[in-house]
Amino acid sequence: MNIQGENKTQNRVRGLLPLWTVIGIFMIGPLLVMAAVSLMESNVYGGVHFKFSLNGYRQILFDTNLFGEIEFNPAYIIIIGRSFILAISATILSLIIGFPAAYFISRQSNKVKNILIFLVTIPFWTNLLIRTFAWIIILGKGGVIESSFNFLGLLDDEGSLNLMYTNSAILIGLVYSYLPLMVLPIYASMEKMDMRLLEAAADLYSSRIGLIRKIILPLSMPGIIGGSILVFVPCLGAFIAPDLLGGGKKLLLGSLIQFQFSYARNWPFGAAVAMFLLSLVILVLFFNAHINKRHREYETHG
């Protein structure tokens, strides 16, 4: 029996070998290259010198002044803070919009459910760049919103709402881009919900707030956590929305990384910021795994 078990294990390992090879070459390999670049010296004209250096990581917090002295530089901390605030705000807004939308879809008939889910996924059929450009037409000077305000007499002909190139414009773009990633996981959790629990709670004179707080929220919590992570992680490293809707004036982590590799030619610093962003994502994923483990233990042991 032990020999048969060992043979099965070996066959499984051999069967997974092509998968691990692909993952190693196309996923782990580039990450290792990026980690190595972050530990090298920067070349003035781009690229790196193959010499160990921690200047890329040091530059996140400190800079060298004209006298060669190292001093604290809060500029990149501000960018990191702005990235976190916008990512968290986009996640909260997506949850506020996506939760009732997912609940509404889950309560429909199967035919209507399929149509609504189809409508939710339609934005993914269009390139993200094109969808973000559409918001420039909507939010820009003389765009749809300003034209509507002018038509209603709420804005002078020479006035402007100045919606573009602001944090609000970036937030709108982020929510629009990743809202479906919030709706779909919550819907998947709610679809499995036993509606008889809601009927029983209603028969016991539970209020609507009580239904949401004691039944709907706990049962849909895995979908809420999963959707929040699916929205928060790409928002944290977003590049297109901050670049187009922020006009390059409101840098986020993704924009900062792109700027270092393309214009500043400081590859080690760009790689260091990328590794810092990756570490944040890994921490979020570990937190999600811990929450899911506790949720499974609660379901198993009551």
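Preceding this section is the structure that the text describes.
What you see is a predicted model, and the numbers here were worked out from it, not measured in a lab.

Cut-offs applied
- All residue numbers here refer to positions counted from 1 along the written sequence of the relevant chain.
- Per-residue local features are limited, in this predicted model, to residues with pLDDT of at least 70; the limit for side-chain atom pairs, both in listing and counting, is 80 or more; totals at the level of whole chains, interfaces and linings are taken over all residues.
- To get the side-chain values, take all heavy atoms of the structure and skip hydrogens and water.
- Strands are runs of DSSP state E lasting at least two residues, helices are runs of H or I lasting at least four, and both sets are numbered from the N terminus onward.
- Atoms considered for the radius of gyration are the C-alpha atoms alone. The globule rule reads 2.2 Å times the number of residues to the power 0.38.
- Using a 1.4 Å probe on the protein chains alone, a residue whose accessible area is under 20% of its type maximum counts as buried, one over 50% counts as exposed, and one in between counts as partly exposed.
- Every residue pair with non-hydrogen atoms within 4.5 Å of one another is taken to be in contact.
- Surface accessibility follows the Shrake-Rupley procedure with a 1.4 Å probe radius. Residue values consider only the protein chains on display as shielding.
- His residues and chain termini do not enter the charge count, which takes Lys and Arg as positive and Asp and Glu as negative.
- In plain terms, the charge of a residue is placed at NZ if it is Lys, CZ if Arg, CG if Asp and CD if Glu.
- Only protein atoms enter the calculation, which uses a 1 Å grid: trapped sets of points that fit a 1.4 Å probe without letting it out are cavities, open sets showing protein on both sides within 12 Å along at least five of seven lines are pockets, and any residue with an atom within 4 Å of a point is a lining residue.
- Grid points are joined across faces, edges and corners, and a volume is the space filled by probe spheres set on the points.
- For this classification, Asp, Glu, Lys and Arg are treated as charged, while Ala, Val, Leu, Ile, Met, Phe, Trp, Tyr, Cys and Pro are nonpolar and the rest, including Gly, are polar.
- Residues enter patches when they are more than 30% accessible in relative terms and free of salt bridges; like-charged ones are connected within 9 Å and nonpolar ones (Val, Leu, Ile, Met, Phe, Trp, Tyr) within 5 Å.
- By definition, a salt bridge exists where a carboxyl oxygen of Asp or Glu is found within 4 Å of a side-chain nitrogen of Lys or Arg.
- Remark: nonpolar core denotes a set of buried residues (Ala, Val, Leu, Ile, Met, Phe, Trp, Tyr, Cys) joined through side-chain atoms within 4.5 Å.
- Aromatic rings from Phe, Tyr and Trp, with only the six-membered ring used for Trp, were paired whenever their centres fell within 6.5 Å, and each pair was classed as stacked if the ring planes differed by under 30 degrees, edge-to-face if by over 60, and tilted otherwise.
- The length a helix should cover is 1.5 Å for every residue beyond the first.

A closer look at the overall build of the chain
Then comes step 1: The helix and strand inventory of the chain stands at 13 helices and four strands.
Then comes step 2: Relative to the compact-globule value of 19 Å for 302 residues, the chain shows a C-alpha radius of gyration of 25 Å, a clear excess of over 25%.
Then comes step 3: Expressed as a percentage of its 302 residues, the buried residues of the chain come to 34%.
Then comes step 4: Pairs at least 24 apart in sequence give 65% of the contacts found in the chain among residues at least 6 apart.
Then comes step 5: By element, 67% of the accessible surface of the chain is carried by carbon and sulfur atoms, the whole surface being about 19100 Å².
Then comes step 6: Taken together, the 22 basic and 16 acidic charged side chains of the chain have centroids lying 10 Å from each other.

Regarding empty space enclosed by the protein
Then comes step 1: Throughout the structure, instances matching the rule amount to one cavity of 30 Å³ or more.
Then comes step 2: Of the voids in this model, the largest cavity is the one considered here, and its volume is about 30 Å³.
Then comes step 3: Along the walls of the largest cavity sit Ile60, Tyr76, Ile80, Leu253, Leu256, Val273 and Phe276, which together make up its complete lining.
Then comes step 4: Breaking the lining of the largest cavity down by element, the ones donating at least two residues are helix H3 (75-106), helix H12 (253-262) and helix H13 (267-301).
Then comes step 5: Class assignment for the residues of the lining of the largest cavity results in seven nonpolar, no polar and no charged.

Points about unusual backbone geometry
Then comes step 1: With phi around 60°, Tyr165 is a residue other than glycine that occupies positive phi space.
Then comes step 2: Examined against the element boundaries, Tyr165 turns out to sit in the loop between helix H6 (144-151) and helix H7 (167-178).
Then comes step 3: In this structure Tyr165 comes out as partly exposed when scored by relative accessible area, which is 40%.
Then comes step 4: Its identity as a non-glycine residue notwithstanding, Arg265 has a phi of 60°, on the positive side.
Then comes step 5: For Arg265, the location among the structural elements is in the loop between H12 and H13.

Focus: a nonpolar patch on the surface
Then comes step 1: On the surface, Val22, Ile25, Phe26, Met27, Ile28 and Leu32 cluster together to form a nonpolar patch covering roughly 640 Å² of accessible area.
Then comes step 2: Relative to the helices and strands, Met27 resides in helix H1 (residues 2-37).
Then comes step 3: With relative accessibility at 53%, the residue Met27 sits in the exposed group.

Let's talk about the nonpolar core
Then comes step 1: Ile105, Leu174, Ile186, Met190, Cys235, Leu236 and Val273 are the most contacted members of the largest nonpolar core, which totals 46 residues.
Then comes step 2: For this core, the secondary-structure elements that each account for two or more residues are H3, helix H4 (110-121), H7, helix H8 (180-191), helix H9 (195-203), helix H10 (208-236), H12 and H13.
Then comes step 3: Residue contributions to this core peak at nine residues, all from H3.
Then comes step 4: Ignoring any residue separated from it by four or fewer positions in sequence, one finds Leu236 in contact with Ser83, Phe84, Ala87, Leu253, Gly254, Leu277 and Leu280.

Observations concerning the packing of aromatic side chains
Then comes step 1: With the rule as written, the count across this model stands at seven aromatic pairs.
Then comes step 2: Geometrically, the ring pair formed by Phe62 and Phe72 is edge-to-face, given 6.3 Å between the ring centres and 75° between the ring planes. Here Phe62 is found in strand S3 (residues 62-64), whereas its partner Phe72 is found in strand S4 (residues 70-72), with ten residues between them in sequence.
Then comes step 3: Ring centres 6.0 Å apart and planes at 40° place the aromatic pair Phe261 and Trp267 in the tilted group.

A few points about H7
Then comes step 1: If you check H7, its first and last C-alpha atoms are 17 Å apart, about what twelve residues at 1.5 Å a residue would give, namely 16 Å.
Then comes step 2: Among all positions of H7, only Ala169, Ile170, Leu171, Gly173, Leu174, Val175, Ser177 and Tyr178 are buried.
Then comes step 3: Those residues of H7 that are buried are in contact with H3, helix H5 (128-139), H8, H10 and helix H11 (240-245).

What about the layout of surface pockets?
Then comes step 1: Empty space within the second largest pocket amounts to approximately 280 Å³.
Then comes step 2: Among the elements of the structure, H3, H9 and H10 are those that each provide at least two residues to the lining of the second largest pocket.
Then comes step 3: Its residues assigned to classes, the lining of the second largest pocket shows eight nonpolar, no polar and three charged.

Let's talk about the environment of Leu61
Then comes step 1: Structurally, Leu61 can be placed in the loop between helix H2 (55-58) and S3.
Then comes step 2: The spacing of Leu61 and Ala75 is 14 residues in sequence and 8.3 Å in space, taken between C-alpha atoms.
Then comes step 3: The contact partners of Leu61, leaving out residues within four places of it in the chain, are Glu71, Phe72, Asn73 and Ile77.

Topic: the environment of Pro242
Then comes step 1: Mapping Pro242 onto the fold places it in helix H11.
Then comes step 2: In this structure Pro242 comes out as buried when scored by relative accessible area, which is 1%.
Then comes step 3: Spatially, the C-alpha atom of Pro242 lies 8.5 Å from that of Ala169, the residues being 73 residues apart in sequence.

Purely geometric stuff here, so don't read any function into it on its own.
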